[in-house]
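Here is what each chain is made of, one letter per residue.
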Amino acid sequence: MFKRLCVIGTGLIGGSIARAARAQGLCQSVVAYGREKNLPNLQHAKALGVIDAFYTDITAALDGVDLVMIATPVGTMQNIFELLKPHWNPHTIYSDAGSTKGSVVAAAQAVFGQVPGNFVPAHPIAGAERSGVEASVPDLFQNRRLIITPLADTDADAVAKLTTFWQRIGSSVSVMSVEHHDTVLAATSHLPHILAFALVGLLGRKDEQREIFKYAAGGFKDFSRIASSDPTMWLDICLANKNEIIPLIQQLKDELSNIEQLLVNDQAEKLFDTFTYARNARQRFLDTLDD
Ligand SMILES: NC(=O)C1=CN([C@@H]2O[C@H](COP(=O)(O)OP(=O)(O)OC[C@H]3O[C@@H](n4cnc5c(N)ncnc54)[C@H](O)[C@@H]3O)[C@@H](O)[C@H]2O)C=CC1
Ligand SMILES: O=C(O)C(=O)Cc1ccc(O)cc1
């Protein structure tokens with residue numbers, strides 16, 4: 001499908017894309033670009049067989065490449081576009097895996113003036129709280145969703161080819177606008193991560209923290225898992241999508257205040273209704289997951 005894939009950011013996502021593309025025979029070779037300070041990680045990626053070669057020189061890294069995947073934290077994307085700009089090839093497909101799309105498109109606009117038609121913004125809704133190439137696996141995207149957020153000028157052939165690429169590594173591909181993506185993901189991914197960081201931070205500061213984590217029942221263990229996620233990656237995501245996230249934090253505070261008042265006033269029936277509404281809403285959500 002592709003001759004040579006170049007991954008920029010060989011971590012959990014970049015490494016998993018490389019492994020999956022190789023496993024499915026979607027490219028003949030995989031190379032990586034990285035910075036000098038990241039050499040040990042690139043050497044490790046090569047030793048693991050995730051990539052065939054790595055370069056700290058972007059010209060060498062892009063030689064013969066027909067697919068570039070950017071999988072670095074979203075706050076680095078503008079620098080990556082600056083790096084790519086002098087070598088931009090109209091016959092190459094460029095894409096990314098960033099968790100926010102408005103900020104990535106804005107970064108491309110800032111560098112190129114107009115977002116190039118052969119850059120296809122994308123986001124795999126698959127991942128983990130772990131980072132780095134050692135956490136990468138070839139089946140990370142199996143039975144998961146992948147969102148493409150094309151712009152009016154995005155090349156339809158590039159979108160079609162990238163759609164096939166993601167489908168062949170197991171993803172179900174949806175297309176939506178950049179704005180809709182950022183609104184939806186703020187609610188379903190960004191707010192829950194902030195909540196996990198806040199809750200684990202709160203409990204971690206308490207004197208009885210040893211007890212709290214020792215007796216963590218299933219629910220807290222599940223929910224606190226995402227608080228182990230990479231702080232750099234989440235700082236970038238939260239800053240990039242803060243306009244969507246801040247109103248949701250306010251709404252969440254209102255929900256918590258409501259529950260607090262129901263408890264203060266012993267309004268058992270209303271509290272029961274609140275829990276029942278959420279439980280039914282989740283069931284409706286699960287019922288429609290296959291749509
Ligand atoms: N972790 C997850 O579950 C998911 C992450 N994403 C997105 O994918 C991207 C990558 O995330 P992960 O793979 O989890 O992170 P990671 O921390 O595992 O890997 C990121 C890699 O990028 C490299 N890097 C950072 N700045 C760089 C720069 N300026 N130039 C070259 N390389 C640089 C790092 O050295 C590292 O190897 C992020 O944009 C994230 O928002 C998307 C879906 C899921
Ligand atoms: O570990 C988890 O449960 C995640 O939610 C992983 C994740 C993190 C960031 C994304 O943009 C998409 C998926």
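Residues numbered from 1 in each chain as written. Chains lettered and ligands numbered in written order. Predicted model: local features only at pLDDT ≥ 70, side-chain atom pairs only at ≥ 80, totals over all residues. Heavy atoms only, no water.

Looking at the sheet that holds strand β7 (residues 122–125)
No. 1: Spatial strand order, β7-β8-β9: three strands in an open sheet with mixed pairing. In this open sheet, the two edge strands, each paired with only one partner strand, are β7 and β9 (171–175). Adjacent strand axes in the sheet meet at a mean angle of 25° when their direction is disregarded.
No. 2: Pairing geometry for β7 and strand β8 (residues 144–148), over four bridges, is antiparallel. Residue pairing for β8: Ala 122 is matched across the bridge by Ile 148. (Pairing = 2+ DSSP bridges. Helix = DSSP H or I, 4+ residues; strand = E, 2+ residues; numbered from the N terminus. Axes fitted to C-alpha atoms, helices over the stretch in contact; angles between N-to-C directions.)

Some remarks on the packing of aromatic side chains
No. 1: As enumerated under the stated definition, the model contains seven aromatic pairs in all.
No. 2: Between Phe 81 and Phe 119 the ring centres are 5.2 Å apart and the planes differ by 85°, which places this aromatic pair in the edge-to-face class. Highlighted residues: Phe 81 in helix α4 (residues 77–84) and Phe 119 in strand β6 (residues 119–120), separated in sequence by 38 residues. Taken individually, Phe 81 and Phe 119 each receive the classification buried, so the pair is uniform in this respect.
No. 3: Connected via pairs of aromatic rings, a cluster forms that spans Phe 81, Trp 88, Tyr 94, Phe 112 and Phe 119. (Phe/Tyr/Trp six-rings, centres within 6.5 Å; stacked < 30°, edge-to-face > 60°. Buried < 20%, exposed > 50% of the residue type's maximum accessible area, 1.4 Å probe, protein only.)

So, the site of ligand 2
No. 1: Taken together, Ser 99, His 123, Gly 127, Ala 128, Glu 129, His 193, Arg 225, Ile 226, Met 233 and Trp 234 are the residues near ligand 2.
No. 2: Contacts to ligand 2 include Ser 99, whose side-chain N or O atom sits 2.7 Å from an oxygen atom.
No. 3: Measuring from an oxygen atom of ligand 2, one finds a side-chain N or O atom of Arg 225 at 2.6 Å.
No. 4: In the complex, the protein chains occlude 82% of the 340 Å² of accessible area that ligand 2 would expose alone.
No. 5: When its residues are assigned to classes, the shell around ligand 2 shows four nonpolar, four polar and two charged. (Near = heavy atom within 4 Å. Polar contact = N/O pair within 3.5 Å; in protein donor to acceptor, adjacent residues only side chain to side chain. Areas by Shrake-Rupley, 256 points an atom, 1.4 Å probe, with all protein chains shown as cover. Nonpolar A, V, L, I, M, F, W, Y, C, P; charged D, E, K, R; others polar.)

Notes on the domain arrangement of the chain
No. 1: The domain architecture assigned to the chain consists of domain 1 (2–176) and domain 2 (181–287).
No. 2: On a C-alpha basis, the centroid separation for the pair domain 1 and domain 2 is 31 Å.
No. 3: In this assembly, 17 residues from domain 1 lie in contact with 14 residues from domain 2.
No. 4: Surface buried jointly by domain 1 and domain 2 totals about 1,200 Å² across both partners, of which 66% is contributed by carbon and sulfur atoms.
No. 5: Applying the counting criterion to the domain 1 and domain 2 interface returns one salt bridge.
No. 6: With a shortest N-O distance of 2.5 Å, Glu 129 and Arg 225 are connected by a salt bridge.
No. 7: The tally of links from domain 1 across to domain 2 stands at five residue pairs in polar contact (both at pLDDT 80 or more). (Domains from an automatic or database assignment. Contact = heavy atoms within 4.5 Å. Buried area = accessible area lost by both parts, 1.4 Å probe. Salt bridge = Lys/Arg side-chain N within 4 Å of Asp/Glu carboxyl O.)

Section: unusual backbone geometry
No. 1: Positive phi values are uncommon outside glycine, yet Asn 143 reaches one of about 60°.
No. 2: A positive phi angle, close to 50°, is found at Asp 266, a residue other than glycine.
No. 3: Mapped onto the elements of the fold, Asp 266 is located in the loop between α11 (242–264) and α12 (268–287).
No. 4: Among the residues examined, Asp 266 registers a relative accessible area of 68% and is labelled exposed.

Brief notes about the site of ligand 1
No. 1: Residues in contact with ligand 1 amount to 26 residues; listed here are only the nearest, Leu 12, Ile 13, Thr 72, Ser 99 and Gly 132.
No. 2: In the environment of ligand 1, an oxygen atom lies 2.8 Å from a nitrogen or oxygen atom belonging to the backbone of Ile 13.
No. 3: Looking at the shell around ligand 1, the elements with two or more residues in it are α1 (12–23), β7 and α10 (231–240).
No. 4: Grouping the constituent residues of the shell around ligand 1 by class yields 12 nonpolar, 13 polar and one charged.

What about the packing of helix α7 (residues 178–205) against α11?
No. 1: Interaxial distance between α7 and α11 falls to 9 Å at its minimum, and their mutual angle equals 60°. The orientation of α7 with respect to α11, classified from their angle, is oblique. Seen along the crossing, α7 lies across α11 with a hand that is right-handed. When α7 is examined against α11, the residues Asp 182, Thr 183, Ala 186, Ala 187, His 190, Leu 191, Ile 194 and Leu 195 are found in contact with a partner set consisting of Glu 244, Ile 245, Leu 248, Ile 249 and Leu 252.
No. 2: Here the residues of the contact of α7 with α11 sort into nine nonpolar, two polar and two charged. (Parallel < 35°, antiparallel > 145°, perpendicular 65-115°, else oblique. Left-handed = near helix turned anticlockwise from the far one by under 90°.)

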